[in-house]
Amino acid sequence: MASLSGLFSSSLKPSKTLSVKALSAPPTRGGDSFSFPHTSKPTHLPLTLSASRSDISHTDAATAAKKELIKDPDALWKRYLDWLYQQKDLGLYLDVSRVGFTDEFVVDMEHRFKAAFKAMDELEKGSIANPDEGRMVGHYWLRNSNLVPKPTLKTLIENTLDSICSFADDIIAGKIKPPSSPRFTQILSVGIGGSALGPQFVAEALAPDNPPLKIRFIDNTDPAGIDHQIAQLGPELASTLVIVISKSGGTPETRNGLLEVQKAFREAGLNFAKQGVAITQENSLLDNTARIEGWLARFPMYDWVGGRTSVMSAVGLLPAALQGIDIREMLTGAAIMDEATRTTSLKNNPAALLAMCWYWASDGVGSKDMVILPYKDSLLLFSRYLQQLVMESLGKEFDLDGNTVNQGLTVYGNKGSTDQHAYIQQLREGVHNFFATFIEVLRDRPPGHDWELEPGVTCGDYLFGMLQGTRSALYANGRESISVTIEEVTPRSVGAIIALYERAVGLYASLVNINAYHQPGVEAGKKAAAEVLALQKRVLSVLNEASCKDPVEPLTLDEIADRCHAPEEIEMIYKIIAHMSANDRVLIAEGSCGSPRSVKVYLGECNVDDMYA
Ligand SMILES: O=P(O)(O)OC[C@H]1O[C@H](O)[C@H](O)[C@@H](O)[C@@H]1O
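Cut-offs and rules
Residues numbered from 1 in each chain as written. Predicted model: local features only at pLDDT ≥ 70, side-chain atom pairs only at ≥ 80, totals over all residues. Heavy atoms only, no water. Buried < 20%, exposed > 50% of the residue type's maximum accessible area, 1.4 Å probe, protein only. Helix = DSSP H or I, 4+ residues; strand = E, 2+ residues; numbered from the N terminus. Pairing = 2+ DSSP bridges. Right-handed = clockwise from strand over helix to strand, strands pointing away. Axes fitted to C-alpha atoms, helices over the stretch in contact; angles between N-to-C directions. Parallel < 35°, antiparallel > 145°, perpendicular 65-115°, else oblique. Left-handed = near helix turned anticlockwise from the far one by under 90°. Contact = heavy atoms within 4.5 Å. Expected span 1.5 Å × (residues − 1).

### Examining the pairing of strand β5 (residues 186-190)
Stage number 1. Within β5, 5 of the 5 residues are buried, which leaves the element mostly enclosed by the surrounding structure.
Stage number 2. A two-sided burial pattern is seen for β5, the buried positions comprising Gln186, Leu188 and Val190 on one face and Ile187 and Ser189 on the other.
Stage number 3. As defined by bridge partners, β5 adjoins strand β6 (residues 214-218) across 5 bridges and the pair is classed as parallel. Pairing of Ile187 across the sheet is with Ile215, part of β6.
Stage number 4. In this region the chain leaves β5, passes through helix α8 (residues 197-206) and returns to the parallel neighbour β6; the handedness of that crossover is right-handed.

### Brief notes about the packing of α8 against helix α15 (residues 382-394)
Stage number 1. Closest axis-to-axis distance for the α8/α15 pair is 9 Å, and the angle between their directions is 160 degrees. The angle between α8 and α15 falls in the class roughly antiparallel. Pair α8 / α15 crosses with left-handed handedness. Every residue of α15 that contacts α8 at Leu197, Gly198 and Phe201 is listed here: Phe382, Arg384, Tyr385 and Gln388.

### Some words on helix α18 (residues 491-511)
Stage number 1. With 21 residues, α18 extends 30 Å between its outermost C-alpha atoms, agreeing within 8% with the 30 Å of an ideal straight helix rising 1.5 Å per residue.
Stage number 2. Burial of α18 is extensive: 19 of the 21 residues sit out of reach of the surface.
Stage number 3. Immediately downstream of α18, the backbone of Asn513 shows phi near 60 degrees, a positive value.

### With respect to the pairing of strand β4 (residues 92-95)
Stage number 1. Across 3 bridges, strand β3 (residues 85-87) lies against β4 in antiparallel orientation. Bridged to Gln87 within β4 is Leu92.
Stage number 2. Across 4 bridges, β4 lies against strand β15 (residues 481-486) in antiparallel orientation. Along β15, the bridge assignment pairs Leu92 with Ile486.

So this is what it looks like as structure tokens:
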């Protein structure tokens, strides 16, 4: 019986050379799906690339081979057995049999992976793997401090881990307590991006039903969201440990969250410093604030750990330990996976297998989205966590040689079977622009709690059936999928799947020749936001001056723009006025906000000192 890869490869005619014409041709629709000719591949790729994804998969022959295979359970079973990866110590399996890569593609990838494995090896040895920022990339050292390139870092990692454990133990035991309560009962974590997503995912996945401290998050500068978190704490603010997390120590949303929480403490007559903890880089603005104000504790973040890979630094470990989660087990799971993903044998390296499948499924250019479907409620936030890890790492305009590549891989998903009742309809029958990853958890619930809700069938059997049914139904319609199986959701398995995806992202980045460890695109939005706020201050100053006149001089938008010397910003000025008006900070003398040309605006109060200037 022919294997799937045999079926594919025998019927394919991969072109050896990509013509310049092909490189510039627009994507076309062909066969039963969109096809992306070489056009969509980064132009820096070697033109001799053989068996590239788009040469192969969308030909009629390939489609026919795939249909053959779908009808041939023996061939499919053989492919399943051929490619099934198992990590025994972790009880983790990876099944890539429902991704249609060919033997030729694998050979080509094995060649490309040589460079990716070498780059990863150098990264682990302390190379400047993030050249734009001139930084080492050391998240792997966090779970095996013997790997560090400098002995001082080993001591730093180990001492930090010890101090996290003892601080958490003392908080839980009530040895360290807030001034006006017998013990801390709540954690309020203030942080955003990599300083929130890891702790959120870990809390959702692993916190016990009744943790020693319950956690809630402020991860935005939305005042209503912040108010909601503080209101929910109510009188328990007095027993809340506030952990402010920011690698840079200067992220505006996090600073705002801190200022809002400090205000709530003042209003409740509480001493914030006695309940505040900072996790940040040494000497950052946040670090200095915490030191000068004498906060309860400070834990370090390291220059060589990126925000999106920081969950196994103090960022993720301290909140986890305070919730009673075994953080050393998380680290062990990650370390075992790190070891497993160091092998340079593609077939035996689960991270490399993932990266290879991503490359195959998305043509190496992100032409298809990655839908993450954990069939376990506690893993709900995995896709949100992966969104940052994958998209901030891989979504890059330029490659390492400066070529424009606009790389990326879109990630979304929630959980099964819930999503079956939402968007799986489109996945199976609609636009074919994705590949799925099922996360399967074998253990349904703790031993001794199961029961049959109908003869021979438990609630968990339904979940299992939904997963397998969806996987089969998608495949029968030509939709590819990967399955990651773990035995249970434990600190060890969660550590392992985080490490698995971290490594897969790093390897994939090498395959497509990009820097996975910087995020230059994020700066543009931050800079533009700062400019909006600066313009708002000028608008306020102009309005203040006009409002201090006697009589008050209401101004049109044109007049405001003119006096701000920013006529080209009139639309932004209108939006600023509309926002302030909705929040009772400017008054409309004439017209209404809905008709910009008609409005005349002034401030309710004149400030003689013009604090806005
Ligand atoms: O931890 P912080 O320095 O506050 O950064 C929080 C987040 O800020 C930025 O948006 C970066 O793009 C993220 O990678 C980072 O996780």
